[in-house]
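Structural features, examined
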Amino acid sequence: MAAVSTANAQHYHWGDACDGWHLLAGDDLSVIEERMPPATAEQRHRHARARQFFYVLEGVVTLELEGVTHSLRRGEGLHVPPGAAHQVRNDGAADVRFLAVSAPKSHGDRTPAPLVDGAA
């Protein structure tokens, strides 16, 4: 096995200007490093099976989880249990980088969870 990094991992683009690198792409466990420029956000959604853990490497990540907004700084993380509606945003002025760890993988296990009348 070789060491993995963003230099040699499978890369993909998502949203308008965001990047992801599959550091580990197993069916039972996924580890992705993501980069989000300022003023970007993912669609609010939920996963039926996958539990996730978001861990900030750089910047401040805004993670809304079931209607509660969390500001996560470098060295902080938050668990998102299966079925919980959530959204990651970059409300700051600089890029953010974070790890998204999912068990099992979250790709293919995603349904939209828009806010309804301002409530979660």
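For the structure, see preceding data.
Structural notes, computed from the coordinates.

Thresholds applied
- Residues numbered from 1 in each chain as written.
- Predicted model: local features only at pLDDT ≥ 70, side-chain atom pairs only at ≥ 80, totals over all residues.
- Heavy atoms only, no water.
- Helix = DSSP H or I, 4+ residues; strand = E, 2+ residues; numbered from the N terminus.
- Buried < 20%, exposed > 50% of the residue type's maximum accessible area, 1.4 Å probe, protein only.
- Contact = heavy atoms within 4.5 Å.
- 1 Å grid on protein atoms, 1.4 Å probe; cavity = no way out; pocket = protein on both sides within 12 Å on 5 of 7 lines; lining within 4 Å.
- Points joined across faces, edges and corners; volume = space filled by probe spheres on them.

Within the secondary structure, Thr-40 is located in strand 4 (residues 40-41). Note on Thr-40: relative accessible area 12%, which makes it buried. When the C-alpha atoms of Thr-40 and Val-88 are compared, they prove to be 8.8 Å apart, with 48 residues separating the residues in sequence. Sequence-distant contacts of Thr-40, that is, excluding residues within four places in its chain, are made with Cys-18, Arg-89 and Asn-90.

All right, on to the layout of surface pockets then. Here the largest pocket is characterised by a volume of approximately 270 Å³. Surrounding the largest pocket, 17 residues form its lining, Glu-34, Glu-42, Ser-106, His-107 and Arg-110 being those nearest its centre. Elements with a minimum of two residues in the lining of the largest pocket: strand 1 (10-14), strand 3 (30-36), strand 6 (51-58) and strand 11 (96-103). It is strand 3 that provides the largest number of residues to the lining of the largest pocket, a total of three residues.

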